[in-house]
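Listed below, chain by chain, are the residues.
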Amino acid sequence: MLTKEQIHALQTTSNYTLLIAGPGTGKTTVLTERIIYLIEHQNIPEERIHAFTFTNKATREMENRISKRINRTHSIGISNFHSFTFLYLKQFLSSSITVVTDIEKKKILENLILERNFVDLSIKDVCKEISRIKNNLIIEEPSLFKRLKIVQLYFAYEEYLKENSKVDFNGMNCLFLELLKKILILKKSSRDPMIIYL
């Protein structure tokens, strides 16, 4: 049984709706019902709907729930953020691009640390700070000397990824945002408003 707030969320005609809810509060249910409402009551074509989740498990769950509710297969796009992003990076940047696993990332950085003899840095801290840099957060390490070392490792790591057509999970989001900006600039500068749609 949906609450009054959940019903309002799934029936709203607003272009932007923010739902803040904790685990187990029915977020997937509301999103599923919202999609069905858009199809059945707002006449939105299925191919114009794309739902995003954080995990493959949640993606499969939504796929199954929607199919059961409408009692047929559907053409709604449902994916997690990383798989969607990776698809477009392969399409527009390089078809040979591959994702670096956390284990591979650690190994690459360990080699870069050894090459530079940065023995005072722990691989755990380096991995953490590089992720923070990519997420536009401030480096926590108070020592300027160590910060400079981490920045050096960051650029060396990024160069390695670029040369080997690789990307890590944090970098995927950064590259996708840059790609999106370029696409939007192309759309603005062109007389044709339908160059590329993501």
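Remember, it's a predicted structure, so these values are computed and weren't measured experimentally. Chains are numbered independently. Their residues run from 1 in the order of the written sequence. Selection of residues for local features in this predicted model requires a pLDDT of at least 70, selection of side-chain atom pairs for listing and counting requires 80 or more, and totals for whole chains, interfaces and linings are taken over all residues. Side-chain metrics in this entry use all non-hydrogen atoms of the structure; hydrogen atoms and water are not considered.

A. Spatial organisation of the pairing of strand E2 (residues 77-80). Note on exposure labels: buried denotes an accessible area under 20% of the residue type's maximum, exposed denotes more than 50%, and partly exposed covers the range between, all computed with a 1.4 Å probe on protein chains only. Numbered from the N terminus, helices here are DSSP runs of H or I no shorter than four residues, and strands are runs of E no shorter than two. Alternating residues of E2 divide into Gly 77 and Ser 79 and Ile 78 and Asn 80, and every residue in both groups is buried. Only strands that DSSP links by at least two bridges are regarded as paired with each other. Note that strand E1 (residues 50-53) and E2 share four bridges and pair parallel. Looking at E2, one finds that Ala 51 is bridged to Ile 78.

B. Quick peek at the confidence of the model for the protein chain. As a per-residue measure, pLDDT tells how confident the predictor is, with possible values from 0 to 100. Model confidence for the protein chain is summarised by a mean pLDDT of 83, while 88% of its residues fall at 70 or above. When mean pLDDT is taken per element in the protein chain, helix H5 (residues 102-116) scores highest with 94 and helix H8 (residues 169-189) scores lowest with 76. Working rule for contacts: check all heavy atoms of both residues, and any pair within 4.5 Å makes them a contact. Low pLDDT, under 50, characterises residues 191-198; the predicted model gives this stretch 15 contacts beyond four residues in sequence or across chains.

C. Just the side chain of Thr 32, in detail. Tracing the backbone through its elements, the reader meets Thr 32 in helix H2 (residues 27-40). Judged by its relative accessible area of 2%, Thr 32 falls in the buried class. A polar contact is formed between the side chain of Thr 32 and the backbone oxygen of Thr 28, at a distance of 2.7 Å. Beyond its immediate sequence surroundings of up to four residues, Thr 32 is in contact with Met 62, Arg 65 and Ile 66. Distance and chemistry together define a polar contact, namely a pair of N or O atoms within 3.5 Å, with one atom able to donate a hydrogen and the other to accept it when in protein, and with adjacent residues in sequence counting only for side-chain atoms on both sides.

D. Summary view of the pattern of salt bridges. Salt bridge criterion: a side-chain nitrogen from Lys or Arg within 4 Å of a carboxyl oxygen from Asp or Glu. Summed over all chains, the structure comprises nine salt bridges. The salt bridge involving Glu 33 is made with Arg 69; its shortest N-O contact spans 2.8 Å. Residue Glu 33 is located in helix H2, and its partner Arg 69 is located in helix H3 (residues 56-70); the two are separated by 36 residues in the primary sequence. Given the relative accessible area of 18%, Glu 33 is considered buried. Across the pair Glu 104 and Lys 166 runs a salt bridge whose closest N-O atoms are separated by 3.1 Å. Residue Glu 104 is located in helix H5, and its partner Lys 166 is located in strand E4 (residues 166-167); the two are separated by 62 residues in the primary sequence. The partly exposed category is assigned to Glu 104, whose relative accessible area is 27%. Here the salt bridges do not stand alone but share partners, grouping Lys 134, Glu 158 and Asp 168 into one network.

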